[in-house]
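Structural features, examined
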Amino acid sequence: MKPISRRSFLERSGTGMAAAAAIPALEAPTFQSRPLPAEERGREIHLKVNGKDHRLEVEDHWTLAEVLRDHLGLTGTRVGCDRGECGACTVLLDGKSLYSCSYLAVWAEGKEIFTVEGLAEGTQLDPLQEAFIEHDGPQCGFCTSGQLMSAKALLNSNPNPTEAEARQALAGNICRCSNFNRYLEAVLATSGKGGSRG
Amino acid sequence: MVEELKTVGHSTPRIDGLQRVTGRATYSADVQLPNMLYARVLRSPHPHARILGIDVARALAAPGVKAILTHENCRLVWSSGDRVNKRYLFNNPVRFVGDAVAALAATNRHLAEEALKLIQVEYETLDFVLDAEEALQPGAVEIHPGGNLSPIISFRSTEPGKREPSTYVRGDLEKGFAASDFVFEDRYVSKHVNNAQMEPRVALAHWEGDKLTVWTPTQGIANCHRDIARDLNLALEKVRVVCQYMGGGFGNKNQCQDTDLMAAQLAKETGRPVKLELSRKEDFVCVHGRWPTSQNYKVGVLKDGTLQAIQMRGYSGMGPYRKSGGGISGVEYFRCPNVKTEIYPAYTNMAVSANFRGPPYPQGVFGIASILDHIAHELKIDPVDFYLKNVTRKFRDSIPYTSSGLLECIRQGAKLFEWKKRWHPAGSQQGPIKTGIGLAAGGFGASVGRSSAVLRLDSEGRLWLHVGVTDIGTGAKTTMALIAAEAMGIDMDKVRVISGDTDRTPYSVGESGSRTTSYTGYAIVEAAKDLKQQLAASGPPQGDEVLIAEATPSPRLEGKVRYSFAVHFVEVEVDTELGGVRVLKYLAVHDSGRIINPLTATSQVQGGVIQGLGMALHEELLYDENTGIPLNPGYYGARVMTHVDVPNVEVHFVETEDAYGPFGAKAVGEPPIVPVVGAVANAVFNAIGKRIKELPITRDKIIGAVS
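Residues numbered from 1 in each chain as written. Chains lettered and ligands numbered in written order. Predicted model: local features only at pLDDT ≥ 70, side-chain atom pairs only at ≥ 80, totals over all residues.

Looking at the pairing of strand β20 (residues 495-498) of chain B
Residues and elements named next belong to chain B. Residue alternation in β20 divides its side chains into a buried set, Val 495 and Val 497, and an unburied set, Arg 496 and Ile 498. Across four bridges, the pairing between strand β19 (residues 463-466) and β20 is parallel. When the sheet's bridge partners are listed, Leu 463 is paired in β20 with Val 495. In this region the chain leaves β19, passes through helix α13 (residues 476-488) and returns to the parallel neighbour β20; the handedness of that crossover is right-handed. (Buried ≥ 20, exposed ≤ 12 C-beta atoms within 10 Å, placed from the backbone. Helix = DSSP H or I, 4+ residues; strand = E, 2+ residues; numbered from the N terminus. Pairing = 2+ DSSP bridges. Right-handed = clockwise from strand over helix to strand, strands pointing away.)

Considering the packing of helix α9 (residues 361-378) of chain B against helix α17 (residues 676-688) of chain B
Residues and elements named next belong to chain B. α17 packs onto α9 with a crossing angle of 35 degrees between their chain directions and a minimal axis gap of 7 Å. The crossing of α9 and α17 is right-handed. Of α17, the residues touching α9 (which contributes Pro 362, Val 365, Phe 366, Ala 369, Ser 370 and Asp 373) are Val 676, Val 677, Gly 678, Ala 681, Asn 682 and Phe 685. (Axes fitted to C-alpha atoms, helices over the stretch in contact; angles between N-to-C directions. Left-handed = near helix turned anticlockwise from the far one by under 90°. Contact = placed C-beta atoms within 7 Å.)

Some details on the domain arrangement of chain A
All names here are of chain A. Under the domain assignment used here, chain A contains domain 1 (1-14 + 43-115) and domain 2 (127-190). Here the C-alpha centroids of domain 1 and domain 2 sit 22 Å apart. Contributions of two or more residues to the side of domain 1 that touches domain 2 are made by β3 (90-93) and β4 (96-99). Counting residues per element, the side of domain 1 that touches domain 2 draws most heavily on β3, which supplies three residues. (Domains from an automatic or database assignment.)

Thoughts on helix α4 (residues 144-157) of chain A
When the terminal C-alpha atoms of α4 of chain A are compared, their 20 Å separation across 14 residues agrees well with the 20 Å that a helix rising 1.5 Å per residue should span. Every buried residue of α4 of chain A is listed here: Thr 144, Ser 145, Gly 146, Gln 147, Leu 148, Met 149, Ser 150, Ala 151, Lys 152, Ala 153, Leu 154 and Leu 155 of chain A. Looking at the buried residues of α4 of chain A, the elements they touch are β3, β4, α3 (127-134), α5 (163-169) and α6 (180-190) of chain A together with α1 (17-22) of chain B. (Expected span 1.5 Å × (residues − 1).)

Here we look at the domain arrangement of chain B
All names here are of chain B. As assigned here, chain B comprises domain 1 (28-126 + 202-277), domain 2 (289-447 + 559-706) and domain 3 (448-551). Taking only C-alpha atoms into account, the centre of domain 1 sits 37 Å from that of domain 2. With 16 residues of domain 1 at the interface, the matching set in domain 2 holds 15 residues. Looking at the side of domain 1 that touches domain 2 residue by residue, the class counts come to five nonpolar, seven polar and four charged. (Nonpolar A, V, L, I, M, F, W, Y, C, P; charged D, E, K, R; others polar.)

Section: the pairing of strand β1 (residues 37-43) of chain B
All names here are of chain B. Within β1, seven of the seven residues are buried, which leaves the element mostly enclosed by the surrounding structure. Residues Leu 37, Ala 39, Val 41 and Arg 43 of β1 are buried on one face, and the alternating residues Tyr 38, Arg 40 and Leu 42, pointing to the opposite face, are buried as well. In the sheet, β1 pairs with strand β12 (residues 274-277) via three bridges, with the strands oriented parallel. By the bridge assignment for β12, Leu 37 is matched with Val 274. Judged from the six bridges that link them, β1 and strand β4 (residues 100-106) form a sheet pairing that is antiparallel. Paired with Arg 43 across the bridge in β4 is Ala 100.

Side note on the interface of chain A and chain B
At the interface, 49 residues of chain A touch 57 residues of chain B. Only α3, α4, α5 and α6 of chain A provide two or more residues apiece to the side of chain A that touches chain B. Each residue belonging to the side of chain A that touches chain B can be placed in one class, and the counts come to 23 nonpolar, 16 polar and 10 charged.

Looking at the sheet that holds strand β7 (residues 182-190) of chain B
Residues and elements named next belong to chain B. Strand order in this open sheet of five strands is β6-β16-β15-β14-β7, and the pairing throughout is mixed. At either margin of the open sheet sits one strand with a lone partner, and together these are β6 (166-170) and β7. In this sheet, neighbouring strand axes are inclined to one another by 5 degrees on average, regardless of whether the strands run parallel or antiparallel. Note that strand β15 (residues 307-317) and strand β16 (residues 338-346) share nine bridges and pair parallel. Counterpart to Gly 317 in the pairing with β16 is Ala 346. Across the sheet, α9 is in contact with β7 and β14 (293-301); its angle to β7 comes to roughly 145 degrees.

Next comes the structure, spelled out in structure tokens:
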């Protein structure tokens, strides 16, 4: 099989939500990034994250999740699979939910990104966050940031979703503790409440 | 019913909920240290092969690479990776696709991944075997010297290491069959499914002088601490394990993982902190999942449905390394004078199999609940009546339970579920879409035992609770705080929980086997007694004073057995044309003694049920029989449940009074997954009138059964 680089894979899939489950055998590590020519290295980009401007140098193959976590210290965005299967890394990009593990940082140039750290305003939690605590959404909590951001994207575009619409909107966020119904209760309890940040 | 308490028993949001919803909870992968290296692992592409040579020269010369470990320069034994044979960190021969061949540390993760490709390995491939029963046939390739029947590993066994099936006998089987009016025989098969916890394995190791600190996601910092110290030949005080938040495990993070040792060794060789991250695929194939089984039953009954004899011969595929018991349990939920179970745990060249929630039960209950449901059907006995007649009254018909709400769970459940109203004979509905109902019962040991707690009361009235729990998602930190608040008669907001760090907390039993509440929670109750005595004697602390109490009780059950019980009722809809199964209604009725926190306990039960539905209907790690390569590691491939798949799950607790544990609390976390697969399989049978005897119950099997 011809090696596929993360960049070419993501570019071919044409979207941040890489839906295809390529299942090669285990001889290769998670992904194979080809060596980049010198002129492609160290590109400076501008990211707006949670309302703050950042200028930073990134390599072309770095994912948005990687940059958020390792270079901006925003570790609330979790990486559960690093291949667009689990949704733990979901962030908002221009108001829409996105798997940040499957989106290159360079593509985010000039776009507005919101992460879980941007949900609360000072000590004032977003109504979704309050409902997540009250309805016991997080068990282990590893998927929670992603569930929150998908729910936020849903309520931004549809403030009063039906149960079916909410389930559909959260379908890309796996919770192996399987607290799906708690998360759903929390989202439905929040719908119609609270403003739309992010 | 249990008597009402002030704090315990009231639904309380998790004390660390704020950290979890703001992203501030620090999981192991979130910790970054200055000058840190990243490590990656090269893994075997073959299910069984001898390594003839490894050439690391090109990889060592690659940019950023600082150290490489292979079986040639690292002979560390990972003792919790195999409890029978020596499992090295890097083995030769390699015994499954994914067995570690080399680990490498480099200045960033991309350079590490690039450099892995430069390691040259020459393999001589060997024959391999994937199926447990095939592995035990004469002529099968030997995975370890001495054959593929894995020895008995129970530490309680007087003859550990003996190669014989794990056997239990009571009464006289032949007499039992002779006395029976009918004898039924059948075979059931369950598959390897992965724990698939959201947080992949990671380890960050850092040496300061001769002291090692490891940040790692573990279900038991004390186990992990002990294992790392033993395997690296270090004194316990030279090792610190930290796990402030962890993203689930369901049994596969209970011991030290090989990644902990690899990171420690690479950090030692390079003199820099090393973070080793596993990919999701590695986590699916190289850690462990639930063992696959085949189960052959022979059951004798009287005409009225009274059980006379149960025989079960089962096979468990353990993969090539032995981490766990490999049991097939469920027969013990039924009273029966003559029983023999015989289980053959076998080495195979599949992924390693070990603990996953309720370890030996969900697959065992699938088998026994299926054949008993079949018997009730043949004898035209309502399954609820069959259960009421036959379920256990005493453990193995001889040892009394400390408490049992099992019969009450069946009665209340049948009523709440409106069983009689929903019941119809199997396969009696017309049309392509059919509904059916089923039930199954189960339980899990709610043992008691040694654990510790330290309480520290300051002059502000704050109670600092030091407990070595890690909170794998059960809500253990909150449960511990509730118990402490109740025991001290103070408000929850005065309690501060210090956990997840072996340098700051005393021993706690691992968060496995549903033990934390019963063990560590009870230690808190005991420590609180001491603290209250000190308070009475010397009054509240003033200024810089603190009062400190510690307890390490080792309670015993004195000739009794302590169990939690669960009875589940489910209604499904089966599309006989397209093969789909949809859950219409699910009721889980549990006796877990007193419920400390109804909010989190209900979440636990709902979660366990939904995991069980995944096992029943979706999940299986598939292998290519020709190459021994796993085909579908990962969430998509495993088809784990998602938001759009899950039904509403009703949860009902029958709170029996129990004289042991903190305020009579029994096991909550393990039992919920136990009856699920059996109940669903029985409901599918009730719908279509055909029994699916092999998991998972997928469309192809439904269509095959009805056509």
